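Residue-level structure breakdown
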Amino acid sequence: MSYSPSIYKFVEGSDAPVPLDMEVVRSVLTPYDVGDPDRTATEDGGLQYWVRAADGSEAEIFVDRASILVERPHSGPGVFAIVAELAARLAAVIFDPSQGTFFCGPEAHAHLPADMRQEAVLIDMTGEAVADALIGPPLS
């Protein structure tokens, strides 16, 4: 896949994303990181991970102060479960640029700006729900 969903956190209806809790980011992503641990922190203070779930699905993840970019997630429930856990623990939203849609759980939804709140799609923050929202349900 060549799309790159992003994760953002909003608070109290603010129009701008707020800084992310980097300790939460590290605690979620570090157990799945298969990249070079010496290259996790970037010179500008960001983080980068190559995560691999137990089912073999993978993604490159780049983190800066107020956003997370999930680059080239491979289809598989595992990597989407990692993305879902990250969004849930941060109380953040997942933005799909291919659809122009924000996906979020109820906690994050309550903090979105009013115009975004009307357009955001509420989903369960599970790997299956995130995969269905971003790439569609599996064909049977």
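Basis of the calculations
- Residues numbered from 1 in each chain as written.
- Predicted model: local features only at pLDDT ≥ 70, side-chain atom pairs only at ≥ 80, totals over all residues.
- Heavy atoms only, no water.
- Phe/Tyr/Trp six-rings, centres within 6.5 Å; stacked < 30°, edge-to-face > 60°.
- Axes fitted to C-alpha atoms, helices over the stretch in contact; angles between N-to-C directions.
- Helix = DSSP H or I, 4+ residues; strand = E, 2+ residues; numbered from the N terminus.
- Parallel < 35°, antiparallel > 145°, perpendicular 65-115°, else oblique.
- Left-handed = near helix turned anticlockwise from the far one by under 90°.
- Contact = heavy atoms within 4.5 Å.
- Nonpolar A, V, L, I, M, F, W, Y, C, P; charged D, E, K, R; others polar.
- Core = buried A, V, L, I, M, F, W, Y, C linked by side-chain atoms within 4.5 Å.
- Buried < 20%, exposed > 50% of the residue type's maximum accessible area, 1.4 Å probe, protein only.
- Pairing = 2+ DSSP bridges.

Points about the packing of aromatic side chains
Per the stated rule, a full pass over the model turns up one aromatic pair. When the ring of Phe95 is compared with that of Phe102, the centres are 4.7 Å apart and the planes differ by 40°; the resulting orientation is tilted.

Overview of the packing of helix α1 (residues 22-29) against helix α2 (residues 77-90)
Axis separation between α1 and α2 bottoms out at 10 Å; the angle between their running directions is 155°. Taken as axis vectors, α1 and α2 run roughly antiparallel relative to one another. Helix-helix and strand crossings are classified by hand; for α1 and α2 the assignment is right-handed. Of α2, the residues touching α1 (which contributes Val24, Val25, Ser27, Val28 and Leu29) are Ile82, Glu85, Leu86, Arg89 and Leu90. Tallied by class, residues from the contact of α1 with α2 come to seven nonpolar, one polar and two charged.

Notes on the nonpolar core
By size, the foremost hydrophobic cluster in this structure holds 33 residues, and its most contacted members are Val25, Leu29, Ile61, Val63 and Ile68. At the level of elements, α1, β2 (47-52), β3 (58-63), β4 (68-71), α2 and α5 (127-135) are the ones that each hand at least two residues to this core. Element by element, the count of residues in this core is highest for α2, at eight residues. Not counting residues up to four positions away in its chain, the partners in contact with Val63 are Leu20, Met22, Val25, Leu29, Gly46, Leu47 and Ile68.

Re the environment of Pro37
Here Pro37 is to be found in the loop between α1 and β2. Judged by relative accessible area, Pro37 falls into the exposed class, the value being 65%. Considering only alpha carbons, one finds Pro37 and Gly105, 68 residues apart in sequence, at a separation of 31 Å.

Considerations on the sheet that holds strand β7 (residues 121-122)
Here we have seven strands laid out as an open sheet, ordered β2-β3-β4-β1-β5-β6-β7, and mixed in their pairing. Two strands bound the open sheet, and with one partner strand each, they are β2 and β7. With three bridges connecting them, strand β5 (residues 93-96) and strand β6 (residues 101-104) associate as antiparallel partners. Bridging from a neighbouring strand, Asp96 pairs with Thr101 of β6. Docked against the sheet, α1 engages β2, β3 and β4, running at close to 25° with respect to β2. Contacts from α2 reach β1 (6-8), β2, β3, β4 and β5, with the element oriented near 175° to β4.

Take it as geometry only, folks, not as evidence of what the structure does.
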